[in-house]
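Survey of secondary and tertiary structure
So the chains spell out like this:
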Amino acid sequence: MVQQLGHLPMGWLLLALLAMLASGGFFVGRVQAERFNGAAGSVRVHSRPNYHGYYVAMWTFVPALVVALAYAMLGDGIVRSLLAGELPANFQNMPSVELDVYLDSIARAAFDHGYGGADRVFSAIANRFLELQGMVKASAIALALASAACGFFLARRKVAPGFRARNRVEGGIELFLFLCAAIAIATTVGIVASLLYESLRFFSEIPFWDFLFGTRWNAQTSAEFGALPLFYGTFMIALIAMLIAAPVGLFAAIYLSEYAGPTVRAWVKPVLEVLAGIPTVVYGFFALLVVAPAIRAVAVWINMTLMSAGITAEPLLAAQPTSALAAGLVMGIMVIPFVSSLSDDVINAVPQTLRDAAYAMGATKSETVKHVVLPAALPGIIASLLLAVSRAIGETMIVVMAAGQRARISPDPTADLTTITVQIVSLLTGETEFDSPKTLSAFALGLVLFVITLFFNLIALRVVQKYREKYD
Amino acid sequence: METTITESRETLTAGTSMDETQGLTYPRIECKNINVSYGDKQAIFDISLPIPDRSVTALIGPSGCGKSTFLRCLNRMNDTIESCKVTGEIIMDGENINDPDIDPVLLRSRVGMVFQKPNPFPKSIFDNIAYGPRIHGLAETREDLDEMVEKSLRRAGLWEEVKDRLSSPGNSLSGGQQQRLCIARAIAVRPEVILMDEPCSALDPVATARIEELIDELRKRYCIVIVTHSMQQAARVSQRTAFFHLGELVEMGETDQIFTNPRERRTEDYITGRFG
Ligand SMILES: Nc1ncnc2c1ncn2[C@@H]1O[C@H](COP(=O)(O)OP(=O)(O)OP(=O)(O)O)[C@@H](O)[C@H]1O
Ligand SMILES: [Mg+2]
């Protein structure tokens, strides 16, 4: 009997139970409220019957939900630890990993409706597992029902003409929304905390200043952790990207919002947005297979020309097969839509009355754009550029494929460089043990990356807020 | 009633200036069969209206009857609204300004406009006024420009209030001050025709009186069209009045006649406050 319970489909059961409890609670509350609503006459009823219904439903549903969630998270663990406690002594001495594997096979066998094999011990344990599982499931359901009943009766007792059910329900909704927001915040805080923790471990072995200002990075082979070349590479490539994306994106936005007719806009805007939807790995191999060789060819040609003209004796440019320029150019193309789309929005948000004012003074279209529209939209445009920068700095795939691995500080754009993100990837892929300075340095790099992008985003946010204040 | 032009005026398409002694006859602007529609919705129905030079023409009528729309035809501001279609002829100085050959930029530098809602540029007070003179190259030196700014602000009755804060942003002024700033900005380029869409809607009686004085002064040299919801204002400042209703021109004539002895029943009802 208890073993049969072990096969209960708990997911469906709990869902159905919750739905029933909620709707049952709602109807009871509502009917009860309607009764005094009809009879009341002289008494003023505070909330409409529906709200009493929601109130009772809330108090019936939420306790059961809490139990259900607790079961979903802990149920399996409880069954396993109960079972492990009952196992004979020779199992108790097993290493925990092996025990886990064994219990996994038990659970699988139990799930497949019994074990038909010859191993008597195994089948006995599987049966016991089912029994325990049945007990846990049954008690979870009983607990859910009991807590729902408690909530239900407590809430029902409150239903009365003067009871402020509406305010309570509003409060409940607010709490729910707050919890959702809190989850997002808690996740962020958790990630940052783990970054910080691991970074601190790293800095306990490598001095902070050596990391930040050291010029030699060689984490893979020898323990050299001077990250300055990585910062340099990151900024160099982001700079190249922004040199492309800022003017092209901005001018595209101006064209779209000020000059293009409705039909052109209807075509060009979606196409630009498609650019934002291309997976970065596609950009990456485009950079590696098309752009990088082309840049190399041009660089080689420049070297040859300069040398044959006798201007330089040595090749001037590094002309590497992967280069900062290749990665930067393609990344620039990738972030164009980030600039253009947001800039387009802020330019459109400039009130038409301002343009009218300029036109009515006899200003031409380009004068109006230059003197009135752009200055008015400038904060928003700056914000869009900053967001694009933080996007470019955090971008990984393109630089992994097209920027190279060599950590160095070189002003030559045809040389290969490496970036923070590239190094994080190569530090954490392949064989790693989790507490060597090598892997820990990835966390330190991640922390730096996080701080930089956070900084840019915060400025962008501040600028956008300022801008809002001006026009609202 | 005939008016002659003594100042020379450029024609709109070319720089050929007219002979000083050549007379230009009343009216300054002649609108013929103007129809305006926004998409499928027609806002102005077949309006023909002469606008005399050196006088003030008031446009009155209930809200939404098309006064602003009509006013915006006179400097082709409706071009900036994609859905807006204007047909009909507007003859100004012998040329149809709706002609595709006419450069609206040049036209607008001669036909100034003050909008219904104040719309200062997000620039300093000084730069707001100096904007027009700058783009049209009206000021040779910095002193010229300073003088132009001061004069325009004085004429709009704003100088005393802002003379110590010319570099603060135009948006920092109060609504009424902004409205006067926009008036000052419009007259700074010395337009020949000035279109004013409810220029006193946010002004107190003192500032209103100042603007009406300004209008009266401008009238001596320019052609002015003003939209107003105030019957008293129309009666005080205008020489001619046109009454619009539901996109049609109901009646036009000398202001005295419209207000004392309207020909149409609808006009009488409106000015006596029985509807609208
Ligand atoms: N940009 C626009 N797009 C579509 N319809 C418009 C637009 N501007 C005005 N209209 C319509 O044209 C008609 C006339 O509007 P208009 O602004 O000329 O009225 P008005 O007489 O100036 O009114 P008010 O005294 O309230 O300023 C209205 O019905 C309005 O809805
Ligand atoms: Mg209007």
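Residues numbered from 1 in each chain as written. Chains lettered and ligands numbered in written order. Predicted model: local features only at pLDDT ≥ 70, side-chain atom pairs only at ≥ 80, totals over all residues. Heavy atoms only, no water.

Turning our attention to the overall build of chain A. From N to C terminus, chain A includes 17 helices and two strands. Compactness check: chain A gives a C-alpha radius of gyration of 33 Å against a globular reference of 23 Å for 472 residues, more than 25% above the reference. Across its three principal axes, chain A shows a C-alpha extent of roughly 95 × 75 × 45 Å. Looking at chain A as a whole, 42% of its 472 residues qualify as buried. Across chain A, every contact between residues at least 6 apart in sequence was considered, and the portion connecting residues at least 24 apart equals 74%. A total accessible area of about 24,800 Å² is found for chain A, and carbon and sulfur atoms account for 69% of it. Here chain A carries 31 positive and 30 negative side-chain charges, and the mean point of each set is 14 Å from the other. (Helix = DSSP H or I, 4+ residues; strand = E, 2+ residues; numbered from the N terminus. Rg over C-alpha atoms; globule rule 2.2 N^0.38 Å. Buried < 20%, exposed > 50% of the residue type's maximum accessible area, 1.4 Å probe, protein only. Contact = heavy atoms within 4.5 Å. Areas by Shrake-Rupley, 256 points an atom, 1.4 Å probe, with all protein chains shown as cover. Lys, Arg positive; Asp, Glu negative; His and termini not counted. Charge placed at Lys NZ, Arg CZ, Asp CG, Glu CD.)

When the terminal C-alpha atoms of helix α9 (residues 228–259) of chain A are compared, their 44 Å separation across 32 residues agrees well with the 46 Å that a helix rising 1.5 Å per residue should span. At A:Met242, α9(A) shows its strongest bend, of approximately 25°. (Expected span 1.5 Å × (residues − 1). Bend = angle between axes of the 7 residues up to and from the residue.)

Residue and element names in this part refer to chain B. On the protein side, the magnesium ion (ligand 2) has Ser68 (OG) and Gln116 (OE1) as donor atoms, found 1.9 to 2.4 Å from it. In this pair, Ser68 sits in helix α1 (residues 67–73) while Gln116 sits in the loop between β6 (111–114) and α3 (125–135), placing the two residues 48 residues apart along the sequence. For Gln116, a relative accessible area of 35% gives the class partly exposed. (Donors = N, O, S within 2.8 Å, 3.2 Å for Na, K, Ca; no water.)

Here the focus is the nonpolar core. Of all hydrophobic cores here, the largest spans 64 residues; its most connected members are A:Phe202, A:Phe211, A:Trp217, A:Ile398, A:Ile420 and A:Leu445. The dominant element in this core, judged by the number of residues it contributes, is helix α17 (residues 437–471) of chain A, at 12 residues. Ignoring any residue separated from it by four or fewer positions in sequence, one finds A:Phe211 in contact with A:Phe202, A:Phe203, A:Trp217, A:Phe225, A:Gly226, A:Ala227, A:Leu228, A:Phe231, A:Ala444, A:Leu445 and A:Val448. Of all hydrophobic cores here, the second largest spans 42 residues; its members include B:Ala58, B:Ile129, B:Ala186 and B:Leu218. (Core = buried A, V, L, I, M, F, W, Y, C linked by side-chain atoms within 4.5 Å.)

Turning to the UniProt feature "domain: ABC transporter" (unreviewed entry) in chain B, a few remarks are in order. Sites flagged by UniProt as "domain: ABC transporter" (unreviewed entry) map to residues 29–271 of chain B. Overall, residues 29–271 of chain B shows 38% helix and 26% strand. The separation of its end C-alpha atoms is 26 Å. (UniProt positions renumbered as here; feature names shortened; annotations may be inferred.)

Right, let's talk about the pattern of salt bridges for a bit. All names here are of chain B. The final tally for this structure, using the stated rule, is 31 salt bridges over all chains. For Asp146, the salt bridge identified is with Arg142, shortest N-O distance 3.3 Å. One end of the pair, Asp146, and the other, Arg142, are both in helix α4 (residues 142–155), four residues apart, so they sit about a helical turn from each other. For Asp146, a relative accessible area of 33% gives the class partly exposed. Between Arg154 and Glu150 there is a salt bridge; the shortest N-O distance is 2.8 Å. Of this pair, Arg154 and Glu150 are both found in helix α4, four residues apart, which corresponds to roughly one turn of the helix. A residue is classified by how much of its surface remains accessible, and Glu150, at 28% relative accessible area, is partly exposed. Shared partners join several salt bridges into a network, and the residues in it are Arg28, Asp53, Asp93, Arg110 and Glu192. (Salt bridge = Lys/Arg side-chain N within 4 Å of Asp/Glu carboxyl O.)

The next thing to look at is the site of ligand 1. Residue and element names in this part refer to chain B. Surrounding ligand 1, one finds 14 residues, the nearest of these being Ser63, Lys67, Ser68, Thr69 and His229. A distance of 2.7 Å separates an oxygen atom of ligand 1 from a polar side-chain atom of His229. Here ligand 1 loses 66% of its free accessible area of 630 Å² to cover by the protein chains. Where the shell around ligand 1 is concerned, the elements lending two or more residues are β2 (41–51) and α1. The element that contributes the greatest number of residues to the shell around ligand 1 is α1, accounting for three residues. In terms of residue class, the shell around ligand 1 is built from four nonpolar, seven polar and three charged. (Near = heavy atom within 4 Å. Polar contact = N/O pair within 3.5 Å; in protein donor to acceptor, adjacent residues only side chain to side chain. Nonpolar A, V, L, I, M, F, W, Y, C, P; charged D, E, K, R; others polar.)

By the definition in use, this model includes 18 aromatic pairs over all chains. Their ring planes at 35° and their centres at 5.2 Å tell us that A:Phe26 and A:Tyr54 sit as a pair that is tilted. One end of the pair, A:Phe26, is in helix α2 (residues 10–40); the other, A:Tyr54, is in helix α3 (residues 49–86), and 28 residues separate them in sequence. Measuring from centroid to centroid gives 4.8 Å for A:Tyr55 and A:Phe163, while their planes differ by 65°, and the two rings are edge-to-face. On the criterion of sequence distance, the pair formed by A:Tyr55 in helix α3 and A:Phe163 in the loop between α6 (120–158) and α7 (165–205) is long-range, its members being 108 residues apart. Of the two residues, A:Tyr55 and A:Phe163, neither departs from the other in class, the shared state being buried. Within the aromatic cluster, the residues linked to one another by ring pairs are A:Phe202, A:Phe203, A:Phe208, A:Trp209, A:Phe211, A:Phe213, A:Trp217, A:Phe225 and A:Phe231. Its guanidinium or amino end placed over the ring of B:Phe121, B:Arg185 lies 4.5 Å from that ring's centre, counting from NZ or CZ. (Phe/Tyr/Trp six-rings, centres within 6.5 Å; stacked < 30°, edge-to-face > 60°. Lys NZ or Arg CZ within 6 Å of the ring centre and 35° of its normal.)

This part is about the pairing of strand β8 (residues 223–227) of chain B. Residue and element names in this part refer to chain B. Along β8, five of the five residues are buried, which leaves the element largely enclosed by surrounding structure. Judged by which residues are buried, β8 turns out to be covered on both faces: Cys223, Val225 and Val227 on one side and Ile224 and Ile226 on the other are all buried. As paired elements, strand β3 (residues 56–60) and β8 share four bridges and run parallel to each other. From the neighbouring strand, Leu59 faces β8, where its bridge partner is Val227. Examined bridge by bridge, strand β7 (residues 193–197) and β8 share five bridges and lie parallel to one another. (Pairing = 2+ DSSP bridges.)

All right, on to the sheet that holds strand β1 (residues 29–38) of chain B then. In space, the four strands of this open sheet follow the order β2-β1-β4-β5 (chain B), with antiparallel pairing throughout. At either margin of the open sheet sits one strand with a lone partner, and together these are β2 and β5 (95–96) of chain B.

This brings us to the interface of chain B and chain A. On the chain A side, the residues contacting the 23 residues of chain B number 21 residues. Of the roughly 1,700 Å² buried where chain B meets chain A, counting both sides, 65% is carbon and sulfur surface. Here chain B is connected to chain A by one salt bridge. A:Asp356 serves as the salt-bridge partner of B:Arg72, at 3.6 Å between the closest nitrogen and oxygen. Our count for the contact surface shared by chain B and chain A stands at four residue pairs in polar contact (both at pLDDT 80 or more). (Buried area = accessible area lost by both parts, 1.4 Å probe.)

Let us look at the sheet that holds β3(B). All names here are of chain B. With mixed pairing, six strands are arranged side by side in an open sheet as β6-β7-β8-β3-β9-β10. Of all the strands in the sheet, just β6 and β10 (248–254) have a single pairing partner and so form its edges. Geometrically, the sheet is characterised by an average inter-axis angle of 15° between neighbouring strands, direction not taken into account. (Axes fitted to C-alpha atoms, helices over the stretch in contact; angles between N-to-C directions.)

This next bit is on the confidence of the model for chain B. It should be kept in mind that the predicted coordinates are not to be read in detail where pLDDT is low. This prediction gives chain B a mean pLDDT of 87; 90% of its residues lie at or above 70. When the criterion is pLDDT under 50, residues 1–25 of chain B qualifies, and its contacts beyond four places in sequence or with other chains add up to 45 contacts. (pLDDT = per-residue confidence, 0-100.)

One ladder, built from seven bridges, connects β1(B) with β2(B); its direction is antiparallel. Counterpart to B:Val36 in the pairing with β2(B) is B:Ile44.

What follows covers the packing of helix α5 (residues 96–111) of chain A against α6(A). All names here are of chain A. Two elements in contact, α5 and α6, have axes whose closest approach is 9 Å; the angle formed by their N-to-C orientations is 70°. By the angle between their axes, α5 is roughly perpendicular relative to α6. On α6, the residues touching Tyr102, Ser105, Ile106, Ala107, Ala109 and Ala110 of α5 are Phe122, Ile125, Ala126, Phe129 and Leu130. Tallied by class, residues from the contact of α5 with α6 come to 10 nonpolar, one polar and no charged. (Parallel < 35°, antiparallel > 145°, perpendicular 65-115°, else oblique.)

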